Amino acid sequence: MGSRKENQNSLYNVFPAPYSKKKWKYGYDEQHDIIVISKDGTLGQVYEISGIKIGLPEVPKVVHSNATYRDKQYWKRFDYPPALSRIKSIFQWKDMTPDFKEAHISYIEKEFDRRENGFWFMNYGHPTYITGGHYMYLQWSKIDVGYPDFREANRIFFIFWEACLADPRCFGMCYLKIRRSGFSFMSSSMAVNIATLSRNSRIGILSKTGADAKKMFTDKVVPISSNYPFFFKPIQDGMDKPKVELAYRLPASKITRKNMNEVLSDSAPDGLNTTIDWRNTADNSYDGEKLALLVHDESGKWMPPDNILNNWRVTKTTLRIGSKIVGKCMMGSTCNARAKGGDSFKRLYDDSDVKKRNANGQTKSGLYKLFVPMEWNFEGYIDKFGWPVMTAPEGGVQGPDGTKISTGAIEYWENEVSSLKNDSNALNEFYRQFPRTEAHAFRDESRSSLFNLNKIYQQIDYNDGMLMHKNITRGQFVWENGVKDTKVLWQPNNNGRFLVSWIPHPGLQNNVVTRSGKKYPGNEHIGSFGCDPYDISGVVGGGGSNGSLHGLTKFNMVEGAPSNMFFLEYIARPQTAEIFFEDVLMACVFYGMPMLAENNKPRLLYHFKNRGYRMFSMNRPDRQISAMSKTEIEIGGIPNSSEDVKQSHASAIESYIEKHVGFDTEAIFRDPDECGNMYFNKTLLDWAGFDINNRTKHDASISSGLAIMANQKHLYLPEIKSHKISINFARYNNEGRTSQIVNNG
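**Q** Is there a simple way to think about the overall build of the protein in this case?
**A** When helices and strands are tallied, the protein shows 20 helices and 30 strands. In terms of overall dimensions, the protein has C-alpha extents of about 145 × 50 × 50 Å along its principal axes. Taking the contacts inside the protein whose residues are at least 6 apart along the sequence as the reference set, 65% of them involve residues at least 24 apart. In the form shown here, the protein has an accessible surface area of approximately 34400 Å², with 48% of it arising from carbon and sulfur atoms.

What follows is the structure, given as C-alpha cells:
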C-alpha cells in the first residue's frame, strides 16, 4: 500500500481544480483546457490521463463507506432487495401496491442517481469516484465469473471514456490493452447502458471476425441486458436470447417518487427505438448507418485483406452528421504482428495522440488513445482494494477473492521474459499480449524483420528502463545573435526538433576550417551525419515525408567523444523546407562534421553549396570522381536508389545493429553485460519495421544508414584493378635481321 502514490503517478497525474466561482458545465472547458465529466456543477481534482485533463466532481460531504477502519473499506456490490428482484417488468411494478412502491422507491431513485452522476465510496481511507458507466458495470453487469471486481485500472479506463463522451471534439477511444483486461465485458456493459438510455438509436459491434462479433453479442451483451433490474430494463422486442439483434421497443423511463404511480404505456407509436446488433468483419461494415455507439473489439487483429484503417474511415462517418459528432466509438485490442493486422492498428493508434491535433482540435483519427501497462491490470495481482500488486509485498496482501498475493506482477513478468529469451518469436508474442510499454505492444515477429529484432528490442527495453531523459536532451540550434554563418549555439527546448545524447566540449564546437576560401568540417575524424531530405514545403492534403538527420561518431580517441554512437536524431517536417535546410546546416556546423545525403532531392545540397559549405556535403563513397555525374561533382550526395546502394545501405544498418545495439551475449564485440548506447527509440522502431522494398515510410532508417555508410566510406571505395601493360617491340640479331617479337608485359 505504501507505494500507491508512486504507482498512481506512473499512470495518471492529479492536480487541484483551477480557482473559479463559476458553475462548471459537463463537456470541454476551452478556457482551462479541461474536459469536465462532473454533472453536478462542481469541479474537484483534475486527472491527467494520456495527455488529456479530466475534471472530476468535488468530493461530497458524505461518502459511502462499508466499514469504519480503512483496511476494511473497499468496493462491495449493493445487495438487490429480494422483493424487487422478483419483479421482472415495469408492468409488474405498475401493479404493485402504493405501500410496496413507497418502501422501495428510495432505493430505485438512488440507483438512477448513481447511474447518471457516478458514485463515491471510501476505499482504504480514500474517497474514490467512479463514473456512472463504471457503476453500472460493477453493480449490474454479470460476467463470466459473476460480478466484476473493482480495479483501479478500470476506474481510470471509465474516467477516460467519460471524457471521450463529454468532449465534442472526440469520436471515442482507441485502447491499447493487455490480454484479459476485461475490455470485452466493459464495452458490452457500456453498449447495454447506452442502449437502455437512448431513443431511436443504434449500437453496433465489430470484432476481428464476424463469428467473434456474434459471440460477443450473444455471450456478453444479451446476458448483461437480461440481468438488468426491471427499472433499468426497456421493453424488449422478439426473443429473450436473440442471435443477431437486440431490439428495445420502449426505452426504460426513470422512476421517481413523483411518477411511481403513473400508468406507463406499453407501446411506442414510432416502432423500434433502439437496437444493438453486430456485423461481419469487412472494410465497409456499417457503411451508411448512423450509430450512437460503435464497439470495436479486437481491432488490432484484423487479418488482411480486411483493414482496420479502411474500416475506420467508413465507420467514422456513421458517428457524425456533417461536422457534428453524434456517436462515439469504444475501440480496444491487443496487437497482432505487423503483417497480421498490427501495422494498421498501430497507425490508427499513433494517429490518436491528443498531443497532435489539427486546426479543428481533433486528432488525425478523431479518437483518443489510452494505454494501461500490464502491471496495472494483470489478473491475479490485484489486491482487494483494486490496486495493482507490482512488486512483492512484505508479508503478502489479500486479493479480492481472499487469496494471498505474495509476489508482484513485474516479478512474474520478468520471470516469463527470462524463460523465453532464447525463443524470440515466443518472447515477442508474450510482449504483445502483456505489454509494459507501447513498444512491447507493437513488437513484430522476428522472422518478418530484415534486422535482428531481438537486439533492437533489447535496446528499447534498456532505454525504457533507464530514464532516457537523463541521456537525451531535446532542443534546437541557432546562429549566435541571429547572424548566419557565424557561430552555432545549442539551446535545450522542450519544443525543439532535435534530440541529442552528446554535446562536444566547447573546443570541438563550430570546428569549421577554411582552406583556399572553402569551408571544411574540422571534426570529420570524429563522426558524420546522414540525411534523408525533402524538397517541397507542403503537399496536397498535408502530411508528406519527414526530413531526417542522424549523427554518428566513429571509433576515435578524442577526449570526451563517444565511439560508434548515434548522438543526434532529427525527424521532423517544419513548415517550410528552408527551415529544414537551415536546421541541418546548423547541426553540421555545430558538430564540425560532414554529411552524406540523398541527392535525389537536391535543394538541400544546393543550399549547402550556395552558402559556401559544399565541402560539408560528402561525395558518394562508391564511385571515383571520374565516374560521377556533373551534378554529383557539383553538390555531392548519393542517389540511394540503385540496387547496389540499397543493399549496401541495409547491410550497413544490419552490421551496426549486430555490433552496437542490445546485448552482445557471445562477447564478440563488447562485454556481454553491457548494453548498446543507441538511445533513440524512434529510430530503433523504424529499423524494426524497415522494408527494403518500401523505403519511403522509413525516413529514420534512410538517414541513419547513410550516417553509418559515411563513417565507413572506405568500405565502399571501388576497387582499382591493376592491368599488365603489353609493350611489343622487335628484337634484332647481330646481323640486323628481326629475330622475334618480345612481349615485356
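**Q** Explanation requested: the confidence of the model for the protein in the structure shown.
**A** Fine structural detail should not be taken from predicted coordinates in areas where pLDDT scores are low. When pLDDT is averaged along the protein, the result is 88; 90% of the residues meet or exceed 70. Throughout residues 1-9 the model reports pLDDT below 50, and contacts reaching past four residues in sequence, or to other chains, amount to 13 contacts. Segment residues 741-745: pLDDT under 50, and 16 contacts once partners within four positions in sequence are set aside and those in other chains are kept.

**Q** Can you walk me through the packing of aromatic side chains in this structure?
**A** Aromatic ring pairs are described here by two measures, namely the spacing of the ring centres and the angle between the planes. Here the structure, examined in full by the defined rule, presents 60 aromatic pairs. Taken together, a centroid distance of 6.1 Å and an interplanar angle of 50 degrees make the contact between phenylalanine 112 and phenylalanine 231 tilted. One end of the pair, phenylalanine 112, is in helix H4 (residues 98-117); the other, phenylalanine 231, is in the loop between helix H8 (210-227) and strand E10 (235-237), with 119 residues separating them in the sequence. Of the two residues, phenylalanine 112 and phenylalanine 231, both sit in the buried class. Connected via pairs of aromatic rings, a cluster forms that spans Phe477, Trp490, Phe498, Trp502, Phe529, Tyr534, Phe567, Tyr570, Phe580, Phe581, Phe590 and Tyr591. In this arrangement the basic side chain of lysine 220 is found over the ring face of phenylalanine 185, its NZ or CZ atom lying 5.0 Å from the centre. In this arrangement the basic side chain of arginine 515 is found over the ring face of tyrosine 520, its NZ or CZ atom lying 4.0 Å from the centre.

**Q** Is there a simple way to explain the pattern of salt bridges in this structure?
**A** A side chain with one charge may pair with a side chain of the opposite charge, provided their charged atoms come close. For the coordinates displayed, the defined rule picks out 28 salt bridges. A salt bridge links glutamate 111 to arginine 114; the nearest nitrogen and oxygen atoms lie 2.9 Å apart. In this pair, glutamate 111 and arginine 114 are both assigned in helix H4, three residues apart and thus about one turn of the helix distant. Here aspartate 350 makes a salt bridge to lysine 346, at a shortest N to O gap of 2.7 Å. Here lysine 346 and aspartate 350 lie together in helix H10 (residues 342-350), a separation of four residues that amounts to about one turn.

**Q** Help me understand the side chain of glutamate 582, please; the structure alone is not making it clear to me.
**A** Relative to the assigned elements, glutamate 582 resides in helix H15 (residues 577-591). Leaving out residues up to four positions away in the same chain, glutamate 582 has contacts with Trp479, Lys484, His607 and Arg611.

**Q** Even after reading the chapter, I still don't get the packing of helix H12 (residues 424-433) against helix H14 (residues 453-465), so can you show me in this structure?
**A** To characterise two packed helices, one gives the angle between the axes of the helices and the distance between these axes. The interhelical angle for the contact between H12 and H14, taken along N-to-C directions, is 40 degrees, at an axis separation of 11 Å. With respect to H14, the element H12 is oriented oblique. The crossing of H12 and H14 is left-handed. Touching Ser424, Leu427, Asn428 and Tyr431 of H12 are Leu453, Asn454, Tyr457 and Asp461, all from H14. Of the residues that constitute the contact of H12 with H14, the class distribution is four nonpolar, three polar and one charged.

**Q** Help me out: how do you make sense of the nonpolar core in this one?
**A** Residues Trp93, Phe230, Phe231 and Ile276 are the most contacted members of the largest nonpolar core, which totals 87 residues. When residues in this core are grouped by element, the largest group, ten residues, is from helix H6 (residues 152-166). Counting residues in hydrophobic clusters, the runner-up holds 74 residues, among them Ala439, Phe451, Phe477 and Phe590.

**Q** For this particular structure, what's the right way to read helix H16 (residues 603-610)?
**A** Along an α-helix, a turn takes 3.6 residues, which lines up residues three or four apart on a common side. Along H16, the residues classified as buried are Leu604, Leu605, His607 and Phe608. Summarising the axial view, the buried residues of H16 lie within an arc of 150 degrees, below the 170-degree limit, and thus occupy one face. Remark: glycine 612 follows H16 within two positions and exhibits a positive phi of approximately 90 degrees.

**Q** Would you mind going over H4 with me for this structure?
**A** With 20 residues, H4 should reach 28 Å at 1.5 Å per residue; the first-to-last C-alpha distance of 28 Å fits that figure. Its maximal kink placed at histidine 104, H4 deviates by approximately 45 degrees. The inward-facing, buried residues of H4 abut helix H2 (82-85), helix H3 (90-94), strand E6 (119-123), helix H5 (132-140) and helix H7 (183-195). A positive phi of about 90 degrees marks glycine 118, the residue just after H4.

**Q** It is not clear to me how the environment of asparagine 564 should be interpreted in this structure. Could you clarify?
**A** As for its position among the elements, asparagine 564 is in the loop between strand E26 (547-553) and strand E27 (566-572). Measuring from C-alpha to C-alpha, the distance between asparagine 564 and glycine 676 comes to 9.8 Å, with 112 residues separating the pair along the chain. Residues in contact with asparagine 564, not counting those within four places in the same chain, are Leu552, Thr553, Lys554, Phe555, Tyr656, His660 and Asn677.

**Q** I would appreciate a short explanation of the sheet that holds strand E5 (residues 52-55) in the present structure.
**A** Strand order in the open sheet formed by five strands is E1-E4-E5-E3-E2, with mixed pairing between adjacent strands. Edge positions in the sheet fall to strand E1 (13-15) and strand E2 (27-29), since each of these pairs with one other strand and no more. With strand direction ignored, the average angle separating the axes of adjacent strands in the sheet is 30 degrees. Of the pairings in the sheet, the one linking E2 to strand E3 (residues 34-36) comprises three bridges and is antiparallel in character.

**Q** Looking at this model, I keep getting lost on the pairing of strand E17 (residues 367-371). Mind explaining?
**A** A large share of E17 lies buried, amounting to five of its five residues. A two-sided burial pattern is seen for E17, the buried positions comprising Leu367, Lys369 and Phe371 on one face and Tyr368 and Leu370 on the other. Sheet topology places strand E8 (residues 172-176) next to E17; five bridges connect them, and they run parallel. In the sheet register, leucine 176 faces E17, and the bridge partner there is phenylalanine 371.

**Q** Please explain the packing of helix H11 (residues 409-419) against H12 as it appears in this structure.
**A** The N-to-C vectors of H11 and H12 enclose an angle of 160 degrees; their axes lie 9 Å apart at closest approach. Comparing the axis directions of H11 and H12 gives the class roughly antiparallel. Within the contact between the two elements, H11 uses Trp413, Glu416 and Val417 and H12 uses Leu427, Phe430 and Tyr431. Of the residues belonging to the contact of H11 with H12, the class tally is five nonpolar, no polar and one charged.

Thresholds applied
- Residue indices begin from 1 for each chain and proceed along its sequence in written order.
- Under the rules for a predicted model, residues below a pLDDT of 70 receive no local features and side-chain atom pairs below 80 are neither given nor counted, while totals for whole chains, interfaces and linings still include all residues.
- Hydrogens and waters are ignored; side-chain quantities use all the structure's heavy atoms.
- Secondary structure elements are taken from DSSP: a helix is a run of H or I of four residues or more, a strand is a run of E of two residues or more, and numbering for both begins at the N terminus.
- Pairs of residues are marked as contacts when any of their non-hydrogen atoms sit within 4.5 Å.
- Only the protein chains shown count as covering a residue, and every accessible area follows the Shrake-Rupley method with a 1.4 Å probe.
- What pLDDT reports is the predictor's confidence in each residue, on a scale of 0 through 100.
- Geometry of aromatic contacts follows a simple scheme: Phe, Tyr and Trp rings, the Trp one being its six-membered ring, pair when their centres are within 6.5 Å, and the pair is stacked under 30 degrees between planes, edge-to-face over 60, tilted otherwise.
- Three labels apply to residues, based on accessible area from a 1.4 Å probe with only protein chains included: buried if under 20% of the type maximum, exposed if over 50%, partly exposed otherwise in between.
- The rule is short: NZ of Lys or CZ of Arg within 6 Å of the ring centre and within 35 degrees of the ring normal puts a charge over the ring.
- Salt bridges are defined as contacts in which a side-chain nitrogen from Lys or Arg sits within 4 Å of a carboxyl oxygen from Asp or Glu.
- Axis geometry follows a simple rule: fit a line to the C-alpha atoms, using only the stretch in contact for helices, then measure angles between N-to-C directions, giving values from 0 to 180 degrees.
- Under this scheme an angle from 65 to 115 degrees is roughly perpendicular, one under 35 degrees roughly parallel, and one over 145 degrees roughly antiparallel; angles in between are oblique.
- A clockwise turn of the near helix away from the far one marks a right-handed crossing, whereas an anticlockwise turn of less than a right angle marks a left-handed crossing.
- Residues are grouped as follows: nonpolar covers Ala, Val, Leu, Ile, Met, Phe, Trp, Tyr, Cys and Pro; charged covers Asp, Glu, Lys and Arg; every other residue, Gly included, is treated as polar.
- To define a nonpolar core, start from buried Ala, Val, Leu, Ile, Met, Phe, Trp, Tyr and Cys residues and group those joined through side-chain atoms within 4.5 Å.
- What the arc covers is the set of directions going from the helix axis to the C-beta atoms.
- By definition here, a helix of n residues has an expected span of 1.5 Å times n minus one.
- The quantity called bend is, for any residue, the angle between two axes fitted respectively to the seven residues ending at it and the seven beginning at it.
- For two strands to be treated as a pair, DSSP must find no fewer than two bridges joining them.

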